[in-house]
Amino acid sequence: MTVLTTIEDLSVAFRQGTSSVTALDGINLTIKNGEQLAIIGESGSGKSTLALTLAGLLPASARQTGTIDWPGGPPIPGRDIGMVFQDPSASLDPVLTIGEQVAEGAVAHLGLGWKAAGLRARDLLARVQLPDPDSLLRAYPHQLSGGQRQRVAIAAAIAAGPRLLIADEATSALDTIVQAEIVTLLRSLVAEEGMTLLFITHDIALASSLADRIAVFRQAKLVEIGAAADITRQPREPYTASLLGAHIDLTTPPLVGARA
Ligand SMILES: Nc1ncnc2c1ncn2[C@@H]1O[C@H](COP(=O)(O)OP(=O)(O)O)[C@@H](O)[C@H]1O
Ligand SMILES: [Mg+2]
């Protein structure tokens, strides 16, 4: 596999008044073209900061050191990296039609006119398996369910044909069935489009069901990375084992007949 990006000794700190918060601390990570890489870790471990750094979206209060090398050339913001967040309402504009928001990326980055972009938007809505794309083009976000809105956000994120799709807790607010549907959709989309997927989640089971590799973040550091199967079967770090343990405790049904 060829390399999408090589991150070397990346640190990011946010200024807060006179002090600063270290969000990423000496991260070394190579992301390969076409892989599905999950980033897991507890809240505040630096996952979203990594996503924003890669997308070039860090706020002015952030200080970034280290290097991020893109062998295929630096990504153009909004075109080469698509992002999907936990709350689709945050990425969808309530006063624009679904068609306008999905077409927008194609207009801005592919040089399409609105008519051609509208046709592309309709195709994209079909690709994310939304029913009746033609009437959806004229609908507004509030007319859709949460799962449908997340599908629209995914369609908008891939409208300009990004090399990298970053899903930051994109399924965390959805119920389990819709979550599984969105994961299936992401998996087939990245395979069909040949995109690289960075799947950020606090859920290790979800990560292992989707990803080729898992990188474990804790307190701004990358503490462990490896094949998803190895990480979940034989974690080297006690912290990873504790994430697995916590998940098993929560999800494993009690033994039949085992009563307290
Ligand atoms: N814009 C910001 N200003 C100040 N601190 C921030 C900002 N964004 C994130 N942080 C801090 O950086 C750390 C990592 O945050 P984040 O990357 O959002 O973690 P995660 O996505 O894993 O929950 C946290 O301590 C968080 O409070
Ligand atoms: Mg986050």
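The structure under discussion appears in the preceding block.
Computed from a predicted model, the values in this text were never measured in an experiment. (Residues numbered from 1 in each chain as written. Chains lettered and ligands numbered in written order. Predicted model: local features only at pLDDT ≥ 70, side-chain atom pairs only at ≥ 80, totals over all residues. Heavy atoms only, no water.)

J.: Please explain the sheet that holds strand S1 (residues 3–16) as it appears in this structure.
T.: Pairing between the strands of a sheet is mediated by backbone hydrogen bonds and can be parallel or antiparallel. Taken in spatial order, the three strands line up as S2-S1-S4 in an open sheet, and their pairing is antiparallel. For this open sheet the edge positions go to strand S2 (19–32) and strand S4 (62–69), each flanked by a neighbour on one side alone. Neighbouring strand axes in the sheet, compared pairwise and without regard to direction, differ in orientation by 5° on average. Bridge analysis of S1 against S2 gives 10 bridges, and the strand direction is antiparallel. Counterpart to Thr6 in the pairing with S2 is Thr30. Along the sheet face, helix H1 (residues 47–54) touches S1, S2 and S4 and points at about 115° away from the line of S1. (Pairing = 2+ DSSP bridges. Helix = DSSP H or I, 4+ residues; strand = E, 2+ residues; numbered from the N terminus. Axes fitted to C-alpha atoms, helices over the stretch in contact; angles between N-to-C directions. Contact = heavy atoms within 4.5 Å.)

J.: Looking at this structure, I do not really get the site of ligand 1. What am I missing?
T.: Residues in close proximity to ligand 1 total 13 residues, the closest being Gly44, Gly46, Lys47, Ser48 and Thr49. A distance of 2.9 Å separates an oxygen atom of ligand 1 from a polar atom in the backbone of Ser48. Thr49 places a side-chain nitrogen or oxygen 2.5 Å from an oxygen atom of ligand 1. When isolated, ligand 1 has an accessible area of 560 Å², and the protein chains bury 65% of it. Where the shell around ligand 1 is concerned, the elements lending two or more residues are S1, S2 and H1. The residue makeup of the shell around ligand 1, split by class, is four nonpolar, seven polar and two charged. (Near = heavy atom within 4 Å. Polar contact = N/O pair within 3.5 Å; in protein donor to acceptor, adjacent residues only side chain to side chain. Areas by Shrake-Rupley, 256 points an atom, 1.4 Å probe, with all protein chains shown as cover. Nonpolar A, V, L, I, M, F, W, Y, C, P; charged D, E, K, R; others polar.)

J.: Would you explain the pairing of strand S8 (residues 213–218) in this entry?
T.: Counted residue by residue, S8 has five buried out of six residues, so it is predominantly covered. In terms of strand pairing, strand S3 (residues 36–40) meets S8 through four bridges, oriented parallel. Residue pairing in the sheet places Ile40 in a bridge with Val216 of S8. The turn linking S8 back onto strand S9 (residues 221–227) is made up of two residues, and Gln219 within it adopts a positive phi angle of 45°. (Buried < 20%, exposed > 50% of the residue type's maximum accessible area, 1.4 Å probe, protein only.)

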